[in-house]
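A closer look at the structure
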There are 2 protein chains.
Amino acid sequence: MAKDQRQVDSITNMDVDFTQWYTDVCKKAELIDYSSIKGMFIYRPYGYAIWENIQKELDARFKETGHENVYMPMLIPESLLQKEKDHVEGFAPECAWVTHGGTEKLEERYCIRPTSETLFCEHFKGVIQSHRDLPKLYNQWCSVLRWEKTSRPFLRHREFLWQEGHTMHATAQEAKEETQRMLNIYADFLENVLAMPVVKGQKTDKEKFNGAEATYTVECMMHDKKALQSGTSHYFGDGFAKAFDITFTGKDNQLHHPFQTSWGVSTRMIGGIIMTHGDDNGLVLPPRIAPIQVVIVPVAQHKPGVLEAAQDLVDRLKAVGVRVKMDDSDKAPGWKFAEYEMKGVPARIEIGPKDIEKGQCVVARRDNGEKAFVALDQLETAIPEMLDAIHAGLYEKAAKNLAEHTYAAHSLEEAKQLQEEKGGFIKTMWCGDLACEVAMKEKAGMTSRCIPFTQEHIDDVCPVCGKPAAKMVYWGIAY
Amino acid sequence: MAKDQRQVDSITNMDVDFTQWYTDVCKKAELIDYSSIKGMFIYRPYGYAIWENIQKELDARFKETGHENVYMPMLIPESLLQKEKDHVEGFAPECAWVTHGGTEKLEERYCIRPTSETLFCEHFKGVIQSHRDLPKLYNQWCSVLRWEKTSRPFLRHREFLWQEGHTMHATAQEAKEETQRMLNIYADFLENVLAMPVVKGQKTDKEKFNGAEATYTVECMMHDKKALQSGTSHYFGDGFAKAFDITFTGKDNQLHHPFQTSWGVSTRMIGGIIMTHGDDNGLVLPPRIAPIQVVIVPVAQHKPGVLEAAQDLVDRLKAVGVRVKMDDSDKAPGWKFAEYEMKGVPARIEIGPKDIEKGQCVVARRDNGEKAFVALDQLETAIPEMLDAIHAGLYEKAAKNLAEHTYAAHSLEEAKQLQEEKGGFIKTMWCGDLACEVAMKEKAGMTSRCIPFTQEHIDDVCPVCGKPAAKMVYWGIAY
């Protein structure tokens with residue numbers, strides 16, 4: 001297959017330098033650009049289009065489950081942020097502070113939201129009076145700021161786009177069910193739309209969200225065998241409600257504090273897509289999220305009938321809901337092939353005079369490079385089927401990577417060695433003590449990813465301290 | 001018709017105190033709430049749902065005309081903002097300034113974007129090299145901050161939601177066409193979706209956007225006869241391109257500066273909807289933007305078959321694309337009627353045992369209060385037709401308000417008197433001098449709204465200075 005060598009050569013090989021490969025893909029696929037402020041990125045049209053598709057898919061799932069979108073202010077008065085002690089301790093060190101409005105110095109400084117629990121709580125206090133006002137099931141799409149010292153495209157921004165769900169419930173049971181419902185929506189979305197298999201579990205106390213009673217997570221394994229925390233769902237109990245004095249009159253006519261959750265995913269999911277599916281030719285997009293699912297490249301497009309035939313394919317595929325683009329620019333077909341491979345378009349259709357004569361076209365799959373002839377009259381069934389097959393293939397490959405790089409260890413030394421030699425998720429028992437979790441970080445370089453919902457019995461004791469241990473933990477090196 | 005008097009009594013009569021009526025509607029219809037920071041508001045679910053529908057409609061029009069969405073950082077370094085002299089002079093006095101990141105004082109302070117021309121220009125400089133890179137047709141949905149001294153829900157926020165289009169073109173002609181294209185999209189959307197008739201025209205130099213060569217506007221008249229600037233489209237020439245040193249190699253192989261536009265509408269459109277269509281019972285929503293187009297209130301819902309019949313109507317209306325909600329809560333029908341009237345739901349269907357027996361339902365229109373029986377088997381055609389009729393009725397009423405309160409004046413004194421006695425748009429000739437525009441403000445309390453594209457000849461001279469005048473201007477009191 002002809003390729004524009006300059007374009008392909010300019011990407012680092014992923015096995016040589018995964019970090020550089022990742023940055024190359026982000027830039028060469030035109031997903032993102034740097035701005036003049038360190039750690040603040042520009043989402044370019046193609047990168048933003050992926051986010052728009054993520055939003056569309058998730059927003060529909062949120063609404064189906066009764067959630068409503070709202071928009072809170074982006075600024076939080078310092079005094080409001082301080083109302084919940086654990087929360088402010090976690091976030092204050094990375095807040096950006098507004099001190100002046102116009103030419104005047106503010107009486108109190110405001111931080112740009114790093115997350116909005118405090119703002120939602122202040123509003124909830126005003127709108128929740130009775131059990132009839134519950135549950136409140138809110139979600140917000142917005143950007144948040146965290147003044148991080150290091151940054152990487154999509155994975156760690158000072159400003160990033162996300163959604164944050166915030167809900168209030170009459171009972172602890174209902175709130176706990178909500179955290180699981182939303183975690184399951186994230187897991188379903190990751191697996192069935194992004195083709196990213198997940199490990200579902202609970203965070204340890206050390207790793208949970210500032211101010212939460214419990215944090216649940218979906219963890220994914222990247223191509224380089226590092227972990228990406230891809231979505232979290234938090235149960236707050238009534239801690240914030242007490243700190244903010246939020247009460248409601250129950251059916252028993254008594255005052256109660258409601259129970260709270262929050263949950264979120266962000267544009268770091270795009271980083272996850274890149275690092276799960278990408279290859280040395282660039283981005284590989286799962287078909288269900290790809291802004292362009294099929295690109296049509298006319299061959300010998302100056303010949304009579306070619307562009308008309310290609311346009312006919314565009315119209316027919318659009319009619320069956322396929323996101324399709326024709327590139328009839330004057331660039332060479334080889335250049336176009338490389339360009340859309342770099343951009344990870346799942347399938348490419350080539351059609352030229354000979355194909356038209358034979359009533360067929362050539363379809364090339366981005367995931368495995370296979371090319372096949374497809375009869376033109378089969379197009380409306382063949383292409384959607386192929387897109388499903390590509391999704392399944394990507395998922396299977398990622399699931400294999402996850403399964404093959406998850407190892408049981410029976411000692412800290414073995415865990416360390418497995419991580420160093422093989423990488424991936426190392427599963428061990430754990431007694432539950434913070435000291436042993438810290439030791440795993442200090443001696444084996446790994447943090448706890450989660451206590452998986454699906455538990456296994458590996459040993460009877462903690463591999464660090466030797467005390468009895470009933471829980472199994474996944475450890476890894478995380479982005 | 002039975003009503004919950006407490007609910008209805010709590011709204012101020014619009015002819016008694018329009019300002020208070022407006023605030024009452026914003027709060028009672030649960031569109032918006034106040035936050036702890038002056039001038040920063042909370043968009044509640046019902047208010048945000050209107051914005052989501054506005055976004056959906058406009059975003060589709062932007063994409064149809066080739067625009068792509070992007071997302072730029074929310075912070076602008078002070079040095080970047082200062083690159084275009086007129087621009088910074090206009091915006092610096094109302095910027096919110098970030099001076100600290102985490103615990104560290106920043107070397108340079110950053111302002112939270114009041115608008116993003118400077119950020120787009122910095123990016124354009126990096127991505128525009130050749131005529132093949134043009135046009136760049138970008139749009140951004142985001143929030144912006146302007147540290148205003150006064151505030152009103154939707155009309156003047158310190159933080160508000162908007163879209164800002166930013167485009168770059170190879171020729172001045174193309175850029176000028178773009179400003180008109182987008183202004184026409186705004187006008188079409190306002191008239192055909194929001195049922196708000198517009199006056200299209202050009203702003204005077206005094207009223208144009210900071211840094212623009214020309215600003216075009218769509219001006220609407222509110223129920224109280226004041227003007228609402230509802231959308232603007234700016235032509236920048238190559239001024240920013242020169243300030244930011246953006247160049248491209250043309251087909252002639254020479255370096256050129258590209259020509260730029262920007263255009264935007266914001267959540268103030270929601271204020272416009274309220275003040276154009278609302279009445280003493282609350283909000284009246286144009287059907288094409290209403291989150292709920294039809295509410296179904298079952299009557300005697302405990303009787304067998306009523307809820308099933310109501311649910312059947314829900315399913316059938318959903319199937320033909322109507323946004324419908326059934327309220328089968330245990331509140332009294334009268335309470336429900338008042339509630340959905342307050343929220344401006346365009347049509348209400350009542351269905352009870354007798355209706356079911358007769359194969360009919362009662363449909364009440366929010367705009368004119370008319371009630372009619374509709375045969376159940378006609379529902380799929382009758383309801384969409386009624387929604388179109390409501391749209392047409394609202395538009396017609398607003399167009400009548402606009403036409404009846406637009407007056408020609410031949411002297412400054414007459415203009416002042418007409419504004420004081422009648423209100424509305426006062427049209428006069430104008431010589432083009434700033435001094436005469438200032439005099440109209442100082443002596444008659446009116447600003448120029450626009451120089452309408454549709455010009456009329458009223459006199460030969462300027463009513464202020466008596467010098468020859470070729471242009472007709474609309475004057476008014478604006479929100």
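This text gives an overview of the structure that appears in the document. (Residues numbered from 1 in each chain as written. Chains lettered and ligands numbered in written order. Predicted model: local features only at pLDDT ≥ 70, side-chain atom pairs only at ≥ 80, totals over all residues. Heavy atoms only, no water.)

Some points on the pairing of strand 6 (residues 104-112) of chain A
Residue and element names in this part refer to chain A. The condition that has to hold: Strands are labelled as partners when DSSP assigns at least two bridges between them. Working definition: helices are DSSP H or I runs of at least four residues, strands are E runs of at least two. Numbering for both runs from the N terminus.
Looking at chain direction, strand 4 (residues 75-77) and strand 6 are connected through 3 bridges and run antiparallel. In the sheet register, Leu75 faces strand 6, and the bridge partner there is Ile112. With 4 bridges connecting them, strand 5 (residues 96-101) and strand 6 associate as antiparallel partners. For Val98, the partnering residue across the bridge sits in strand 6 and is Tyr110.

A short note on the pairing of strand 11 (residues 227-237) of chain B
Taken residue by residue, a regular strand's side chains alternate between the two faces of the sheet. Residue and element names in this part refer to chain B. Stated formally: Categorising residues by exposure relies on relative accessible area from a 1.4 Å probe, with only protein chains included: less than 20% of the type maximum marks a residue as buried, more than 50% marks it as exposed, and the intermediate range marks it as partly exposed.
Extensive coverage of strand 11 is indicated by the burial of 10 of its 11 residues. Of the strand pairs in this sheet, strand 10 (residues 214-221) and strand 11 are connected by 8 bridges, and their pairing is antiparallel. Directly across from Thr215, in strand 11, lies its bridge partner His234. For strand 11 and strand 14 (residues 259-266), the ladder comprises 5 bridges, and the chain directions are antiparallel. The residue bridging Ser233 from the neighbouring strand is Trp263, located in strand 14.

Observations concerning the sheet that holds strand 19 (residues 371-375) of chain B
Residues and elements named next belong to chain B. Applicable threshold: To get an axis, a line is fitted to the C-alpha atoms, and for a helix only the part in contact is used. The angle between two axes follows their N-to-C directions and goes from 0 to 180 degrees. Contacts are assigned to residue pairs with any non-hydrogen atoms lying within 4.5 Å of each other.
Taking strand neighbours across the sheet as the criterion, the 5 strands line up as 16-15-17-18-19 in an open arrangement whose pairing is mixed. In this open sheet, the two strands that pair with only one neighbour each are strand 16 (324-326) and strand 19. Strand-to-strand twist in this sheet, taken as the mean axis angle between neighbours without regard to direction, amounts to 25 degrees. Across 4 bridges, strand 17 (residues 347-351) lies against strand 18 (residues 360-365) in antiparallel orientation. By the bridge assignment for strand 18, Ile349 is matched with Val363. In the packing of helix 10 (residues 306-319) onto the sheet, the strands contacted are strand 15 (294-298), strand 16 and strand 17, and the crossing angle to strand 15 comes to about 170 degrees. On top of the sheet, helix 11 (residues 333-342) reaches strand 15, strand 16 and strand 17; it is set at about 175 degrees to strand 15, its chief contact.

With respect to the packing of aromatic side chains
Stated formally: For Phe, Tyr and Trp, rings pair up if their centres lie within 6.5 Å, where Trp contributes its six-membered ring, and each pair is then called stacked (planes under 30 degrees apart), edge-to-face (over 60) or tilted (otherwise). Two thresholds decide whether a charge sits over a ring: the Lys NZ or Arg CZ must be within 6 Å of the ring centre and within 35 degrees of the ring normal.
Tallied over the entire structure, the rule returns 36 aromatic pairs over all chains. Each ring, one from Tyr43 of chain A and one from Tyr71 of chain B, has its centre 6.0 Å from the other, and the planes form 65 degrees; the classification is edge-to-face. Of this pair, Tyr43 of chain A sits in strand 2 (residues 41-43) while Tyr71 of chain B sits in the loop between strand 3 (68-69) and strand 4 (75-77), each in a different chain. Here Tyr43 of chain A matches Tyr71 of chain B in class, with each residue buried. Plain terms: the ring middles of Phe209 of chain A and Phe236 of chain A are 6.0 Å apart, the flat faces sit at 80 degrees to each other, and that makes the pair edge-to-face. With Phe209 of chain A in the loop between strand 9 (199-202) and strand 10 (214-221) and Phe236 of chain A in strand 11 (residues 227-237), the pair connects residues that are 27 residues apart, well separated along the chain. When its relative accessible area of 15% is taken as the criterion, Phe209 of chain A is described as buried. Clustering of aromatic rings is evident, with ring pairs tying together Trp51, Phe62, Trp141, Tyr186 and Trp263 of chain A. It is Lys226 of chain B that lies over the ring of Tyr479 of chain B; its NZ or CZ is 5.1 Å from the centre.

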